[in-house]
Structure formats: structure tokens, C-alpha cells
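Single-letter residue listing:
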Amino acid sequence: MMQDRHILLAHGNGGRLMRELIDAVFVRHLGNPWLDADADAAAVPLGGTELLLSTDAFTVQPLEFPGGDIGSLAVNGTVNDLAVAGAVPLYLTLNAIIEEGLEVAQLERIVASMAGAARAAAGVVVVAGDTKVVRRGEGGGLYLATTGVGLRSHRAPPGPAGVKEGDRLLVSGPVGDHGIAVLLAREEFGLSGELASDCANVLGLAQALLPLPGLRFMRDPTRGGLATVAHELSRASGRAVALDQAAIPIRPAVQSVCDMLGYDPLYLACEGRILAAVSEDDAPAALAAWRALPEGREAAIVGAVRAGRPGVALRTVLGGERLLQELEDDPLPRIC
């Protein structure tokens, strides 16, 4: 049972409190053999094929930001969950909850952006949907909820439980871009810059690694960022995770804003990156495969799975080591 008596914003940040909410309420009542709260997509057998299903909701503020908007975010977020599960995305459904007073011109821009993102993701199409309008003041302008359907294209990555000691952790590009781009777009701190969100589909990145026999795990580090996915991996595998701060790609602009405002880029959302666990033997091939793609040019090996109790340690640029705690409070609410 949950210890909290009321829902907090932190129950939606991807960290410990969100996991407890899902396990204590949703899984406890709705649990079944196909419901895996730790998976990005559910595998459902249908005849001689295997469908993968994923669903998500999006509540970002502002609705439009450098590098994307809530529309492209909704399409890419759902496509990415299917892609890292080993699927080729095919179809989406869309639920739009519109607040009274939203400008039609803005809605048109967002829907056009969704269409562009769907075309970019190997021609994914929206095949069904629903529209609701809520009273002024009862919503954030626009909320979107999507469900994606895809077909398994390769063997499924074993998942976090299949990770082994010695496996290497790779990230496909700089982390924290999305979180800081959205923060700057809010203009709440008098800051400005040219940083853009990494909002994009990761289908090509995922497909590049799926043939590797040593691929253990892939996840797109959205809410809670790289550190939160590292904790999920450590907890599910029962092993320690060691990250190398000097190896983690972070843009100087992202680091500068984090230093000024006290954020940690390792906990900020990404919307076009993959964190993968690959065997030590296949790690060089995985890195080369990513760096051969335009979207993976800045990929890096950022850590390894070690023996020891579950937990995430960061080797600092000074040569020391500090433990990365699980995310508790929501540092930047409504980011995706």
C-alpha cells in the first residue's frame, strides 16, 4: 500500500515515487501476465505474429519549444518506446484534450508537426482518435495521449534482467537537451539561448543495434533522465552500475544552465536518445554502428555493469566517486 495519502507532482517524474504509485495501485489491481510495469511496450501474441503495444500521455509546458512541440513529442515518444522494444512502429491512436481558449492556429501548427513526425518515423499513421474540450482553466492548453502498435522486427532485447557483469553502457548522444530547452522556453529565470530539444524518433538507432547478439537492453531516458534509467537497470539486474562522468556527453550550454540553477543534467529528460547495455565484446561494434548515423555521431560508452549491490555510482572528473540517488522530488515538472 502507498504511504502517501495524496498524489504529488513527484508521483509522475519517473522516479521512486512514480514506481511505488504504479506498483501499489495500478499493478495491484490490474496486474495480469501481459502487464509489465518496467517495460516500454507490451508484447501480445496474435496468430503467428507478435504485436507490441505502447501508450503514453503528454503534458509539456510550453506547448511549443525550440526543437519541437507537444505534437512531435507525442509521436516520437510513442514511436521510441516501440523502437527500443525491438518493434517497427506502424499505427498510432490519438486522444486530444483541448482547453477552451486554445488558439486554432496553434492547434493547427501542433497537428501539422505531429504529421511530420509520423512521416519521419518510417511512415507511421494515425488510424483512430478522440477529441475532448475542457473548460477554460481546467487544462494546460492541450494534453495528448497516444497508443502505438508495431510488429516485432528482430529478437527482443532480453531486458534489464538479462544484463550481465562487465556489460558496457552506451548513450546515443548528449543528455539533458530537452529538459533545458523546455526550461529556457518558459523564460521563468530570465535566461535565453539557442539550445534545441533532441525531440526525434530513435528508430534508426534502435534498428542499428538489434542484430548484435550482445545487445542486452535499450531504453529511451525520458522522465528522470539517464540516472533514473541507470537505477532501473541496476534494480532489475541486481547488479551495480558505474558511470563515468568524463565520458557522458553533455553540451556546454546544458551544463552551464544546470550549474547556474542547481540542476543535474543526468536527471533531465531526453526525447531522442537511447541508453543501451551491450556485452563487452559487442560494445565497440555498437558504438561504431551509432556513430555511423547522423543522429548518433556523439554516441559514447559511458559506464559498465559491475558486481555488487544494486546502486549507481558516478566516477567524477576529479577521480572520486559519488552515489547517484534515485530521483525523489520533481526538478522540472511537466517536461514530457
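Structural data are supplied above this passage.
About the criteria used
Residues numbered from 1 in each chain as written. Predicted model: local features only at pLDDT ≥ 70, side-chain atom pairs only at ≥ 80, totals over all residues. Heavy atoms only, no water. Helix = DSSP H or I, 4+ residues; strand = E, 2+ residues; numbered from the N terminus. Rg over C-alpha atoms; globule rule 2.2 N^0.38 Å. Buried < 20%, exposed > 50% of the residue type's maximum accessible area, 1.4 Å probe, protein only. Contact = heavy atoms within 4.5 Å. Areas by Shrake-Rupley, 256 points an atom, 1.4 Å probe, with all protein chains shown as cover. Disulfide = S-S within 2.5 Å. Pairing = 2+ DSSP bridges. Core = buried A, V, L, I, M, F, W, Y, C linked by side-chain atoms within 4.5 Å.

Asker: Is there a simple way to explain the overall build of the chain in this structure?
Answerer: If you tally the helices and strands in the chain, you get eight helices and 14 strands. The C-alpha radius of gyration of the chain comes to 19 Å, within 12% of the 20 Å expected for a compact globule of 336 residues. Judged by the C-alpha coordinates and their principal axes, the chain covers about 55 × 55 × 45 Å. Looking at the 336 residues of the chain, the share that counts as buried comes to 47%. Taking as baseline every contact in the chain between residues at least 6 positions apart, the subset at least 24 positions apart corresponds to 83%. Looking at the chain as shown, the accessible area adds up to about 15,400 Å², and 54% of this sits on carbon and sulfur atoms.

Asker: Would you explain the state of the cysteines in this entry?
Answerer: Two cysteines form a disulfide when their sulfur atoms are joined by a covalent bond. The final tally for this structure, using the stated rule, is zero disulfides. Unpaired in this structure, Cys-258 has its nearest cysteine sulfur neighbour in Cys-270, at a distance of 11 Å.

Asker: Before we go on, may I ask you to explain the pairing of strand β11 (residues 275-278) in this structure?
Answerer: Moving residue by residue along a regular strand, the side chains alternate between the two faces of the sheet. Alternating positions in β11 separate into two faces, Leu-275 and Ala-277 on one and Ala-276 and Val-278 on the other, with burial throughout. Here strand β8 (residues 168-171) pairs with β11 via four bridges, running antiparallel. Bridge pairing in β11 places Leu-169 opposite Ala-277. Strand direction decides the pairing type here: strand β9 (residues 215-219) and β11, joined by four bridges, are antiparallel. Of the residues in β11, the one forming a bridge with Arg-219 is Leu-275.

Asker: What is the right way to look at the nonpolar core in this model?
Answerer: General note: in soluble globular proteins, nonpolar side chains tend to be found buried as a group. Core analysis: the largest hydrophobic core is formed by 25 residues, its most contacted members being Leu-169, Leu-243, Ile-248, Leu-266, Val-302 and Leu-324. Breaking this core down by element, the ones donating at least two residues are β8, α6 (225-237), β10 (240-244), β11, β12 (300-306) and β13 (311-315). It is α6 that provides the largest number of residues to this core, a total of five residues. Grouped together as the second largest cluster of nonpolar side chains are 24 residues, Val-60, Ile-70, Leu-144 and Cys-199 included.

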